[in-house]
Amino acid sequence: MQHFETKAVHAGAIHDTTAGSIAPPLYLSTTFERDEQGNIAPKGYIYTRLGNPNRQALETKIAALEQGQEAFAFSSGMAAMVALLQTVLETDSHIIIPDDCYHGISHMVKRMLPNWKIDYSEVDMSDVDNIKQSIQPNTKLIVIETPSNPLLKISDIEAIAQLASSKHILTVCDNTWATPVLTTPLTLGCDFVLHSTTKYMGGHSDVLGGCLVARQSNALTIKLRETQNIGGAVPSPFDCWLINRSLATMSLRVKQQCENAIAIAQYLSSHPKIEKVMYPGLETHANYETARKQMKLSGGMLSVLIKGGQQEAMSFAAKLKLFKHATSLGGVESLIEHRLSVEGINAKSPANLLRVSIGIEHVNDLIEDIRQALE
Ligand SMILES: *Cc1c(COP(=O)(O)O)cnc(C)c1O
C-alpha cells in the first residue's frame, strides 16, 4: 500500500486526455452528454448535484487518506453531519454526543432533532463507562470528537467503537482536529469519519466544505449517497478542486503545526500569567496515554486559561500581533479566539479560556508574540 504522503498527491487524480494537463481540469459543467441510445455516457456523469469529476476526485482522495471504502463530499462540515443524521436516525431514536462537542453539532442535536422526536444524551467521553451507562434500547448513533472542542479532552476511539459495535450502534468520529495525518478512526473500528474540510484539509481559510467517509460500502452507504444526491448540500466543483489541491500539502502543514504547538504549549505552561494549558501532548494531560496510543503527533490546537477572567483573556488576545483574533482553525495562519463569546446558546466555556489554532509561521516569532502580549 502507498504511503499517506503519496496518496495525498496522487489518489483520485484526473488524467486529462484533452491537453495532458498535470494540474486537474475544473469541470464547471452542471450537465453531461448521453450516448446515442440516451444512456448515461461511459463516464457515468449525469448532473453535477449527482456527481461531478472534481467531486469524485476529492472523494476518492479523502477515502484513501482515511482508509475507508467510500467518501461523500458536502458543502460544509455541518451539511455532512446533517446528512448522516438524516440517514441513520428515525423518529423515536436516541443519539449520544460528547459533553464537549463542536457547538454547531450540539445545537443541531439539542434544538432541531427534538422536532423529529429524536432524543439525546450528552456525556463525558473521556471515560467509556459514561457512554455505557447512557446507552438505551433505541440508541442509534454515538458521536465521538477527539480532541474535543474547546477543552481538548481525549476519548479512546477503539474502546468506544468496540462498545458500540457490541450493541449494534453506529459510531461517527469527528476527525476534523486530528486529521488522518495523526489518527485514522476507521482503522480503530468506527463506522464513519466526519470532517469539516474547511479546517486542516482546506488549510488556507479560503474554502468551506465537509466530508463523510465510510469504513464499508453497504446498504447504509447507498442510503447516504441518496441523502447526498437528493438533499443536495454538495460542494461546487471549484470548492472540490481547492480542497483537493490543499490535501497534497496537508501532512507537511499539520506536522509543522504540531511541532509549533508542542513548543508553544510548553512555553505557556511555564509562564506565570497562565493558569492552565490544555494540550494532549503535555504529560500533565489527563488522557495523555490514550492520546499517545491513537495520535501520531499531538495536533495543532490548544486551549489556555489566562490567570484572571474574561478581561485579562481579552486584553491578551488584543495585544497579539501575529495571532489574529478570529474563529475557525486549521489554516496556515495562527488564530486565537475567546470561545465563550462565540458559543451562543448553551455557552459554557470558562470566561478566561482562549482557543488557539497554531499556524505554520516560525515558532520563535509566535513565541515572541505571545511573550510581548503577556508582559
Ligand atoms: C468547524 C467544525 C465543524 C463544522 O464544520 P463547517 O465546515 O463549519 O460546517 C464540525 N466539527 C468540528 C470539530 C469543527 O471544527
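Residues numbered from 1 in each chain as written. Predicted model: local features only at pLDDT ≥ 70, side-chain atom pairs only at ≥ 80, totals over all residues. Heavy atoms only, no water.

Participant: Break down the overall build of the protein chain for me, with residues and values.
Facilitator: A tally of regular secondary structure across the protein chain gives 13 helices and twelve strands. The C-alpha radius of gyration of the protein chain comes to 21 Å, within 12% of the 21 Å expected for a compact globule of 375 residues. Projecting the C-alpha coordinates of the protein chain onto the three principal axes gives extents of approximately 75 × 55 × 35 Å. Per-residue burial for the protein chain yields a buried fraction of 54% across its 375 residues. Long-range pairs, those at least 24 residues apart, make up 72% of the contacts in the protein chain between residues at least 6 apart in sequence. Element-wise, carbon and sulfur atoms account for 53% of the exposed surface of the protein chain, whose accessible area totals about 16600 Å². On the protein chain, the mean spot of the 33 positive side-chain charges and the mean spot of the 38 negative ones are 1 Å from each other. (Helix = DSSP H or I, 4+ residues; strand = E, 2+ residues; numbered from the N terminus. Rg over C-alpha atoms; globule rule 2.2 N^0.38 Å. Buried < 20%, exposed > 50% of the residue type's maximum accessible area, 1.4 Å probe, protein only. Contact = heavy atoms within 4.5 Å. Areas by Shrake-Rupley, 256 points an atom, 1.4 Å probe, with all protein chains shown as cover. Lys, Arg positive; Asp, Glu negative; His and termini not counted. Charge placed at Lys NZ, Arg CZ, Asp CG, Glu CD.)

Participant: Requested: an account of empty space enclosed by the protein, with residues and values cited.
Facilitator: Within the structure shown, the criterion is met by two cavities of 30 Å³ or more. As for the largest cavity, its lining consists of I264, L268, L302, V304, F316, L320, F323, I336, V356, I358 and I370. Counting residues per element, the ones that place at least two in the lining of the largest cavity are α10 (250-269) and β9 (301-306). The class makeup of the residues in the lining of the largest cavity is eleven nonpolar, no polar and no charged. Considering only enclosed or pocket space, the second largest cavity measures out at about 50 Å³ in volume. Lining the second largest cavity are P98, D99, D100, D124, M125, S126, E145, S148, K153, I154 and S155. Of the residues belonging to the lining of the second largest cavity, the class tally is three nonpolar, three polar and five charged. (1 Å grid on protein atoms, 1.4 Å probe; cavity = no way out; pocket = protein on both sides within 12 Å on 5 of 7 lines; lining within 4 Å. Points joined across faces, edges and corners; volume = space filled by probe spheres on them. Nonpolar A, V, L, I, M, F, W, Y, C, P; charged D, E, K, R; others polar.)

Participant: Explain the pattern of salt bridges to me, and be specific about the residues and the numbers.
Facilitator: Following the criterion strictly, the structure yields 16 salt bridges and no others. Across the salt bridge formed by E59 and R225, the nearest N and O atoms sit 3.3 Å from each other. Separated by 166 residues along the polypeptide, E59 in helix α2 (residues 53-66) and R225 in helix α8 (residues 219-231) bring together distant segments of the chain. Note on E59: relative accessible area 9%, which makes it buried. (Salt bridge = Lys/Arg side-chain N within 4 Å of Asp/Glu carboxyl O.)

Participant: Break down the sheet that holds strand β1 (residues 70-74) for me, with residues and values.
Facilitator: On the basis of which strands lie adjacent, the open sheet formed by seven strands has the order β1-β7-β6-β5-β4-β2-β3 and mixed pairing. Two strands lie at the open edges of the sheet, namely β1 and β3 (119-123), each paired on one side alone. Put simply, the sheet's adjacent strands are angled 20 degrees from each other on average, direction ignored. (Pairing = 2+ DSSP bridges. Axes fitted to C-alpha atoms, helices over the stretch in contact; angles between N-to-C directions.)

Participant: An account of the environment of L208 is needed here, citing residue identities and associated values.
Facilitator: Along the chain, L208 falls in the loop between β6 (192-196) and β7 (210-214). Along the primary structure L208 and S75 are separated by 133 residues, whereas in three dimensions their C-alpha atoms are 6.6 Å apart. Every residue in contact with L208, bar those within four places of it in the chain, is listed here: S75, S76, T198, D239 and I243.

Participant: Can you tell me about the pairing of strand β11 (residues 335-338), naming the residues and giving the values?
Facilitator: With burial as the criterion, each face of β11 is covered, one bearing L335 and E337 and the other bearing I336 and H338. By the bridge criterion, two bridges tie strand β10 (residues 324-325) to β11 in an arrangement that is parallel. Following the sheet pairing, H325 is matched in β11 by I336. For β11 and strand β12 (residues 353-357), the ladder comprises four bridges, and the chain directions are antiparallel. Pairing of H338 across the sheet is with L354, part of β12.

Participant: Before we move on, can you summarise the pairing of β12 with the specific residues and values?
Facilitator: Buried residues dominate β12, accounting for five of its five residues. In this structure, β9 lies alongside β12, joined through five bridges in antiparallel fashion. Bridge pairing links V304 to L354 in β12.

Participant: Kindly report on the packing of helix α3 (residues 77-88) against helix α4 (residues 103-112), identifying the contributing residues and their values.
Facilitator: Relative to each other, α3 and α4 sit at 35 degrees, their axes nearing to 10 Å. Crossing handedness for the pair α3 and α4: right-handed. Across from M78, M81, V82 and L85 in α3, the residues of α4 making contact are G104, I105 and M108. Residue composition of the contact of α3 with α4, grouped by class: six nonpolar, one polar and no charged. (Left-handed = near helix turned anticlockwise from the far one by under 90°.)

Participant: Explain the site of the ligand to me, and be specific about the residues and the numbers.
Facilitator: M78, D174, S196, T198 and K199 are the nearest of the 13 residues found near the ligand. In the model, an oxygen atom of the ligand is placed 2.9 Å from a nitrogen or oxygen of the G77 main chain. At 2.8 Å from an oxygen atom of the ligand is found a side-chain nitrogen or oxygen belonging to K199. Relative to its free-state accessible area of 380 Å², the ligand is covered by the protein chains to the extent of 93%. Counted by class, the shell around the ligand contains four nonpolar, six polar and three charged residues. (Near = heavy atom within 4 Å. Polar contact = N/O pair within 3.5 Å; in protein donor to acceptor, adjacent residues only side chain to side chain.)

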